[in-house]
Amino acid sequence: MLATGTLGKLVKILSNKKTGIVIVLLSIAARIILQLYFFDISGDRSFQLVAVKSFTEGHGFSILQVLPCNVDKQLYAPVIGWPPGYSIFLLPFYFVCGKNVIAAAIFFEVVSAAAFVLVTRKILQLLNVSLGLVNIYTLISGFFIYDFAAASGSDFCTLIFFLLGIYCALLFLKKEKSPAFGMVVALMLFLSSLKRYMYA
């Protein structure tokens, strides 16, 4: 009886809107801390960051290289190993951060972390999941260490657009949106594939 009463109180607390706000803020803070903890500029991200700088200097999405046989000769080789989406999305952050490409990438990670928490929460709410369960999921997902989030690259921010595509598709099906709204779904999925080939 005592356990049932305690469980009932816990459910009531978790189903409170004010509790939900606290959980969202706590989860966003935790997600940001995790993203920043695992942030680095090696691997895939290093090429995409250099491509941003080259683009703003008028050389397209490329990397400055020298020939091994002639180190005096410089050339810009196009970045073809990754789609240009990450670099394109990073451009506004690059200018906001005073053309500091590392600060821009960190700022982008912060925005992506907040968006992840909010978008996953909206998907669950659209599926009519109870507020208590939504709050529990939000709390767990905010503190969970995803292996792709720890990877150096565009995986995590790409996932945001993939989730937005799912959210828009559910909205399209549940709210009986006009057929033109299907273009929004297609756009979100296109933007995810523009940032990472694996989503194409």
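Quick caveat: nothing in here was measured; it's all calculated off a predicted structure. (Residues numbered from 1 in each chain as written. Predicted model: local features only at pLDDT ≥ 70, side-chain atom pairs only at ≥ 80, totals over all residues. Heavy atoms only, no water.)

1. Concerning the pairing of strand S1 (residues 62-67)
Link 1 in the chain: The pairing of S1 with strand S2 (residues 70-78) spans six bridges and is classified as antiparallel. For Leu67, the partnering residue across the bridge sits in S2 and is Asn70.
Link 2 in the chain: Linking S1 to S2, which pair antiparallel, is a turn of two residues. (Pairing = 2+ DSSP bridges. Helix = DSSP H or I, 4+ residues; strand = E, 2+ residues; numbered from the N terminus.)

2. Concerning helix H9 (residues 182-195)
Link 1 in the chain: Compared with the 20 Å implied by 1.5 Å per residue over 14 residues, the 21 Å span of H9 between its first and last C-alpha is a close match.
Link 2 in the chain: Residues of H9 that are buried: Val185, Met188, Leu191, Ser192, Ser193, Leu194 and Lys195.
Link 3 in the chain: At its buried positions, H9 is contacted by helix H4 (85-96), helix H5 (101-126) and helix H8 (155-174). (Expected span 1.5 Å × (residues − 1). Buried < 20%, exposed > 50% of the residue type's maximum accessible area, 1.4 Å probe, protein only. Contact = heavy atoms within 4.5 Å.)

3. Description of the pattern of salt bridges
Link 1 in the chain: Taken as a whole, this structure holds two salt bridges when the rule is applied.
Link 2 in the chain: Residue Glu109 is joined to Arg45 by a salt bridge in which the shortest nitrogen-to-oxygen separation is 3.1 Å. Remark: Arg45 occurs in helix H3 (residues 43-56) and Glu109 occurs in helix H5; sequence separation between them is 64 residues. Each member of the pair Glu109 and Arg45 is classed as buried. (Salt bridge = Lys/Arg side-chain N within 4 Å of Asp/Glu carboxyl O.)

4. A few points about the packing of H5 against H8
Each packed pair of helices is defined by two parameters, the angle between the axes and the distance between the axes.
Link 1 in the chain: Two elements in contact, H5 and H8, have axes separated by 9 Å at closest approach and are oriented at 25°. In terms of orientation, H5 and H8 fall into the roughly parallel class. The hand of the H5/H8 crossing is left-handed. Contact with H5, carried on its side by Phe108, Ser112, Ala113, Ala115, Phe116, Val119, Thr120, Lys122, Ile123 and Leu126, involves Phe156, Cys157, Leu159, Ile160, Leu163, Leu164, Ile166, Tyr167, Leu170, Leu171 and Lys174 of H8 and no other residues of that element. (Axes fitted to C-alpha atoms, helices over the stretch in contact; angles between N-to-C directions. Parallel < 35°, antiparallel > 145°, perpendicular 65-115°, else oblique. Left-handed = near helix turned anticlockwise from the far one by under 90°.)

5. A word on a nonpolar patch on the surface
Link 1 in the chain: A surface patch of nonpolar side chains, amounting to about 280 Å² of accessible area, comprises Leu36, Ile41, Ile102 and Ile106.
Link 2 in the chain: You can see Leu36 is positioned in helix H2 (residues 17-37).
Link 3 in the chain: Residue classification places Leu36 among the partly exposed positions, given a relative accessible area of 36%. (Patch = residues over 30% accessible without salt bridge, like charges linked within 9 Å, V, L, I, M, F, W, Y side chains within 5 Å. Areas by Shrake-Rupley, 256 points an atom, 1.4 Å probe, with all protein chains shown as cover.)

6. Concerning the confidence of the model for the chain
Link 1 in the chain: Per-chain confidence: the chain averages 84 in pLDDT, with 92% of residues scoring 70 or above.
Link 2 in the chain: Mean pLDDT values for the elements of the chain range from 69 in helix H1 (residues 2-14) up to 92 in H5. (pLDDT = per-residue confidence, 0-100.)

7. Considering the packing of H2 against helix H6 (residues 131-143)
Link 1 in the chain: Following both chains from N to C, one finds H2 and H6 inclined at 15°, their axes separated by 7 Å at the closest point. Between H2 and H6, the angle is such that the two are roughly parallel. The handedness of the crossing between H2 and H6 is left-handed. Between H2 and H6, the contacting residues are Lys17, Gly20, Ile23, Val24, Leu26, Ser27, Ala30, Arg31 and Leu34 on the first element and Leu131, Asn135, Thr138, Leu139, Ser141, Gly142 and Phe143 on the second.
Link 2 in the chain: Classifying every residue of the contact of H2 with H6 gives eight nonpolar, six polar and two charged. (Nonpolar A, V, L, I, M, F, W, Y, C, P; charged D, E, K, R; others polar.)

8. Let's talk about empty space enclosed by the protein
Link 1 in the chain: As enumerated under the stated definition, the model contains two cavities of 30 Å³ or more in all.
Link 2 in the chain: Taken as a whole, the second largest cavity encloses approximately 40 Å³ of empty space.
Link 3 in the chain: Around the second largest cavity sit Gln48, Ala51, Phe61, Val79, Trp82, Pro83, Pro84 and Ser87, which together line it.
Link 4 in the chain: Grouping the constituent residues of the lining of the second largest cavity by class yields six nonpolar, two polar and no charged. (1 Å grid on protein atoms, 1.4 Å probe; cavity = no way out; pocket = protein on both sides within 12 Å on 5 of 7 lines; lining within 4 Å. Points joined across faces, edges and corners; volume = space filled by probe spheres on them.)

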